[in-house]
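The primary structure of each chain is shown beneath.
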Amino acid sequence: MAFTPNPLSQRDPGWKDEPLGFDSTITIGSDGCALTCLAMLVNGYSFNETPATLNQKLKALGPDAGFMGGLIVWGSLTRVFPGVVYQGIILWENPPAAIASIDASLDAGQPVIVEIDRSPSPGLQNHWVVLYGKQGDDYLMLDPWPYPPDAQPATLINRYGFGRPPQDFIAAAVWYRVQGASAPSAPPSGPGFYVQVPISLGSGLNLRSAPSTSGNLVVNEPAGTWLKALEPAAVAQAKIGVQNQWLNVQDPQQNTGYVAAWYVQGSGQPIATPQPVPAPTPAPPSPTPVPSPLTVLVSSQASAGLRMRDQPNTNGNILKVLMPGTLLNVLEPANIARPKIGINGQWLNVKEPAGQAGYVAAWYVQ
C-alpha cells in the first residue's frame with residue numbers, strides 16, 4: 001500500500017480554534033502540528049481524517065491514553081487504527097541527528113514524522129512535519145503550518161534550513177508502519193532461512209550493494225518478494241525488526257545485496273535441510289505454553305521515557321527508550337506478571353511494537 005501525500009493545515013478555520021487534547025489553554029491552530037501530521041499520515045493510506053476528527057478519537061481513549069494534557073501519546077494511534085503499527089521514537093538532544101534511519105525508511109517508501117527546530121534562533125522552536133521522500137539532498141515534506149495547505153510539493157531545507165544541514169535541525173523522529181490487507185504468501189520450499197518484503201511496502205524495498213543507504217541500488221524488490229538470507233539463520237533472525245540492522249540476502253533472480261532488516265518479516269523457523277534421524281522414544285506430552293494475554297502501557301510518570309534493558313535490573317544494557325503511552329505485550333504468564341505492575345523493584349519481560357524484547361521497570365507501567 002503506497003503512501004499518497006494529502007496536505008492539511010492546522011490553521012484551517014474548520015478546526016483551528018478547537019482545544020487540543022485535554023488542554024483548554026491551547027488549540028489545534030496554535031499547537032496542533034503533531035496532531036495534523038498524524039492525520040496526514042493516516043490519510044496517505046486511504047483514511048479520511050481531519051485534525052478535528054482525530055483529536056476527538058484520541059480524546060475518546062481517555063486522559064493519559066491518547067493525550068497527556070495537550071501532548072500526543074504516539075503509541076495510541078494504533079488503538080484508533082489497528083492496522084497502523086507504532087514502531088518507536090528517537091530523540092536527539094544535541095546535533096547532529098543520526099538520520100540514516102530516516103533515509104532508509106523513505107528509501108522503503110515509508111514516511112517519517114519528524115520534529116524540527118524551525119528557526120536558527122537560540123533554543124528549540126519546535127515544529128512537526130511529515131517527510132515522505134527525498135529530492136536530491138533535500139526532503140519532500142507535508143507541512144501542517146501553511147494555510148491554505150501547500151498546493152505544490154514543499155521541501156524541508158528550502159523552508160526551514162536557513163543554511164543548516166537537516167541533521168542539525170531535526171530533533172526527533174517517529175516511525176509507524178501500516179499493515180497491508182493482503183495475506184502474505186508462503187516462503188519457498190527447500191533449505192534456508194527466508195525473509196519477506198511486507199505487503200504494506202507498496203513501493204517495494206531497495207536491495208543495495210552495501211549495508212547502508214549510501215550503497216548502490218541493485219534492484220527494487222516488490223512487496224511480497226521472498227529473499228533468502230546469506231548469513232546464519234540465527235544471526236539473520238535476530239536482526240529482523242531492529243533499526244539500523246541490514247541483512248545480506250539473495251532474491252529469486254539471484255541478485256545479492258543488503259536490505260534494511262527493520263522492513264522485512266521472517267518466515268518463522270528456519271527451514272533446515274532434512275536429515276535422517278532415529279525414531280524417538282515416545283515421551284509424555286508436555287503442556288502447550290499459553291501466551292500471556294496481558295498488555296501494559298508505559299505510564300505518564302515515565303515522562304522522559306522508560307528504558308528497556310536486556311536484564312531485569314538497572315545494570316542491564318539499554319535496548320530502547322519507550323515513550324509514555326507505548327503498548328507492550330507481556331512475555332510472561334499473566335498470573336505472574338499482573339501482581340508486579342506498579343510495584344517498586346519488580347521487572348516485566350515485555351515486547352515493544354517493533355518486536356524488540358527486554359525488561360522494563362514494572363512500577364512505570366499500567
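Residues numbered from 1 in each chain as written. Predicted model: local features only at pLDDT ≥ 70, side-chain atom pairs only at ≥ 80, totals over all residues. Heavy atoms only, no water.

A. Broad picture of the overall build of the protein. When helices and strands are tallied, the protein shows eight helices and 23 strands. Within the span of the protein, comprising 366 residues, buried residues form 48% of the whole. Of all intrachain contacts in the protein linking residues separated by at least 6 positions in sequence, the fraction that spans at least 24 positions is 59%. Roughly 17200 Å² of accessible area belongs to the protein as shown, and the carbon and sulfur atoms make up 53% of that amount. (Helix = DSSP H or I, 4+ residues; strand = E, 2+ residues; numbered from the N terminus. Buried < 20%, exposed > 50% of the residue type's maximum accessible area, 1.4 Å probe, protein only. Contact = heavy atoms within 4.5 Å. Areas by Shrake-Rupley, 256 points an atom, 1.4 Å probe, with all protein chains shown as cover.)

B. Just the sheet that holds strand β5 (residues 84-91), in detail. Spatially, six strands are ordered β5-β10-β6-β7-β8-β9 in an open sheet, and the strand pairing comes out antiparallel. Of all strands in the sheet, those with a lone pairing partner are β5 and β9 (154-155), marking the two edges. Contacts from helix α2 (residues 33-43) reach β5, β6 (112-117), β7 (126-135), β8 (138-142) and β10 (170-178), with the element oriented near 30° to β7. Against the sheet, helix α5 (residues 100-107) makes contact with β6, β7, β8 and β10, and its axis sits at roughly 55° relative to β7, the strand it touches most. (Pairing = 2+ DSSP bridges. Axes fitted to C-alpha atoms, helices over the stretch in contact; angles between N-to-C directions.)

C. Structural detail: the packing of α2 against helix α3 (residues 51-59). Packing of α2 against α3 leaves a shortest axis separation of 9 Å and a crossing angle of 100°. The orientation of α2 with respect to α3, classified from their angle, is roughly perpendicular. Here Leu35, Thr36, Leu38 and Ala39 of α2 come into contact with α3, specifically with Pro51, Leu54, Asn55 and Leu58. (Parallel < 35°, antiparallel > 145°, perpendicular 65-115°, else oblique.)

D. View of the nonpolar core. Counting residues in each nonpolar core, the largest one holds 39 residues, and the members touching the most others are Trp74, Leu77, Ile113, Trp128 and Tyr176. Elements represented by at least two residues in this core include exactly α2, α3, α4 (77-80), β5, β7, β8 and β10. When residues of this core are assigned to their parent elements, the largest contribution, nine residues, is made by α2. The residues contacting Trp74, other than those within four sequence positions of it, are Ala34, Leu38, Tyr86, Ile89, Ile113, Trp128, Val174 and Tyr176. Among the nonpolar cores identified, the runner-up in size contains 38 residues, and Ile116, Tyr139, Ala173 and Ala261 belong to it. (Core = buried A, V, L, I, M, F, W, Y, C linked by side-chain atoms within 4.5 Å.)

E. View of α3. Residues of α3 that are buried: Pro51, Ala52, Leu54, Asn55 and Leu58. Projected onto a plane normal to the axis of α3, the buried residues spread over an arc of 165° and lie on a single side. Looking at the packing, one finds that the buried side of α3 touches β1 (19-20), α1 (28-31), α2, β3 (67-68), β4 (71-72) and α4. (Arc of directions from axis to C-beta.)

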